[in-house]
Number of protein chains: 2
Amino acid sequence: MDAYGIEPRPGVVYLVGAGPGAPDLITVRGLRCLRQADVVIYDRLVNEALLAEAPPQAERIFVGKRPGRHACSQAEIHALMIQRARAGKVVVRLKGGDPFIFGRGGEELMALAAAGIPCVVVPGVTSATGVPAAVGLPLTHRHVAGAVAIVSAHHAGDRDDVDWAALARVDTLVILMGVARLSRVVELLRHHGRAASTPVAIIERGTWPDERVIVGTLADILSQAEVAGVCPPAIVVVGEVVNLWRQGAGVPLPRGEHVLSFSD
Amino acid sequence: MDAYGIEPRPGVVYLVGAGPGAPDLITVRGLRCLRQADVVIYDRLVNEALLAEAPPQAERIFVGKRPGRHACSQAEIHALMIQRARAGKVVVRLKGGDPFIFGRGGEELMALAAAGIPCVVVPGVTSATGVPAAVGLPLTHRHVAGAVAIVSAHHAGDRDDVDWAALARVDTLVILMGVARLSRVVELLRHHGRAASTPVAIIERGTWPDERVIVGTLADILSQAEVAGVCPPAIVVVGEVVNLWRQGAGVPLPRGEHVLSFSD
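Residues numbered from 1 in each chain as written. Chains lettered and ligands numbered in written order. Predicted model: local features only at pLDDT ≥ 70, side-chain atom pairs only at ≥ 80, totals over all residues. Heavy atoms only, no water.

### Brief notes about the pattern of salt bridges
Phase 1: In this structure the tally under the stated criterion is 26 salt bridges over all chains.
Phase 2: The salt bridge involving Arg29 of chain A is made with Asp24 of chain B; its shortest N-O contact spans 2.9 Å. On the criterion of chain membership, the pair formed by Arg29 of chain A in helix α1 (residues 28-35) and Asp24 of chain B in the loop between β1 (13-17) and α1 (28-35) is interchain, its members lying in two chains. Neither Arg29 of chain A nor Asp24 of chain B differs from the other in exposure class; each is buried.
Phase 3: Between Glu204 of chain B and Arg212 of chain B there is a salt bridge, and its shortest N-O distance comes to 2.7 Å.
Phase 4: For Glu204 of chain B, a relative accessible area of 6% corresponds to the buried category.
Phase 5: The structure contains a network of salt bridges with shared partners spanning Asp43, Arg93, Lys95 and Glu108 of chain A. (Salt bridge = Lys/Arg side-chain N within 4 Å of Asp/Glu carboxyl O. Helix = DSSP H or I, 4+ residues; strand = E, 2+ residues; numbered from the N terminus. Buried < 20%, exposed > 50% of the residue type's maximum accessible area, 1.4 Å probe, protein only.)

Next comes the structure, spelled out in structure tokens:
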């Protein structure tokens, strides 16, 4: 396996997707980059266990938001990456999920390109697909869901700069960072004609040991979430695939194993 | 890293996503399962280098389609998994991409559940997100694309059992297995109002050494694809993010590295 893929090089920035949460859901290529890093620049949602995989002497720089502390601006993150790469370091920019699914990875790539810094993107398992998969919830399923759309709830604000009328009509919809704006998301989907009976699942801290799944419908998911005390990070899945999963009434086993009692 | 995640157990079926193509884009957890497998049941799009990671004595069963040969039916695949699991084997069902994004993984999970066989889903990097990421093409980007939808071109047949009118309105659309039905996909998107000038990228054999990217618009991508002689496997990306990438005119370096000349 070590004979494949890339050989991390000094002066290059590796935009690495850390995966949805559990440390061993990073890719083999991503782990290889991390183990050869001189500098690791990481976000809040990255599992701390991954940081332990970098060499002991590697510089570890946290650039996420933490309550009551200064959060790095995007410009500061760009400047850091560029400075360390110019100093001849192997720079790993470690981002939760996949770098290019609502991770501002595109902006970081462009900033590096403008500065003439070589950049390699190492894809990661995005939470949007990896978290439902890990609990046994298929986002697509023959005769049930032929398409899936992914959106961030950041686009469910006052300006609504995405086409929610279109998203409401896609068989399966995955909403990232959906907890804080859940009521607005439900409102938008209902307003654009999605039935109140549409099943919804909220997966809180997906693939972490304290993962929880809360299920309901567009009619009652807000109260379900409130009763359960759902907190970020969580993803929201809307569509008939949730009923498929719920009918199975998955019996969780230790360490992410599930025995499902689906009937075919 | 070995201390994390799951410990593969006899009598359990692991539905493992192999990732988009390059062998080291499997997850660490997926590789761990593979290295402890007694039986590996695999598809056509799985990289052969991954099979070499299973123990030498492991049984390797090909169930994909190959020209001129009998292809296993879905029912035969189910029966195989169930039989081997009941015989007390560690069974790895290795599927290209992610098992639950157009991989019929949901059907396999349900068949196992109906037979009372424990099943663990190990998410993989789906080609839909991993292939664009690896070439530096962000599917979402602030002020350019706030949502992404994924569909299989198998749903662009005569029956059109997904809502193409809705899909045509999502900022970024990724079409899997899109080569054979490219003309129908273009026709559907044009019919539902997507502008002829909308940029399109076809990524052929993404993350493999002979990967190619062909770019055009909805007006000319068919002729571009014909000139280039595009063959499966390939994914199609439709939306303004393709222009963002094309303006960068990425200069490919060996082994998947890219220097992009974006200006911010």
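Structure's up, so let's keep going.
### Looking at the domain arrangement of chain A
Residues and elements named next belong to chain A.
Phase 1: According to the domain assignment, chain A contains domain 1 (13-125) and domain 2 (128-248).
Phase 2: For domain 1 and domain 2, the distance between their C-alpha centroids amounts to 28 Å.
Phase 3: A buried area of about 770 Å², summed over both sides, lies between domain 1 and domain 2, and 77% of it is on carbon and sulfur atoms.
Phase 4: Run the count over domain 1 and domain 2 and you get zero salt bridges.
Phase 5: Our enumeration of links across domain 1 and domain 2 arrives at one residue pair in polar contact (both at pLDDT 80 or more).
Phase 6: Tallied by class, the residues present in the side of domain 1 that touches domain 2 amount to seven nonpolar, two polar and no charged. (Domains from an automatic or database assignment. Buried area = accessible area lost by both parts, 1.4 Å probe. Polar contact = N/O pair within 3.5 Å; in protein donor to acceptor, adjacent residues only side chain to side chain. Nonpolar A, V, L, I, M, F, W, Y, C, P; charged D, E, K, R; others polar.)

### Structural notes on the sheet that holds strand β10 (residues 234-238) of chain A
Phase 1: In spatial order, the strands read β9(A)-β8(A)-β10(A)-β7(A)-β6(A)-β6(B)-β7(B)-β10(B)-β8(B)-β9(B); together these 10 strands make up an open sheet with mixed pairing. Strands with a single pairing partner mark the edges of an open sheet, and in this sheet they are β9 (212-217) of chain A together with β9 (212-217) of chain B. Neighbour-to-neighbour, the strand axes of the sheet open up by a mean angle of 15°, direction not taken into account.
Phase 2: When strand β8 (residues 199-204) of chain A meets β10 of chain A, the two strands line up antiparallel, connected through five bridges. The residue of β10 of chain A that forms the bridge with Glu204 of chain A is Ala234 of chain A.
Phase 3: Running over the sheet, helix α8 (residues 221-228) of chain A touches β8 and β9 of chain A and is turned about 150° from β9 of chain A. (Pairing = 2+ DSSP bridges. Axes fitted to C-alpha atoms, helices over the stretch in contact; angles between N-to-C directions. Contact = heavy atoms within 4.5 Å.)

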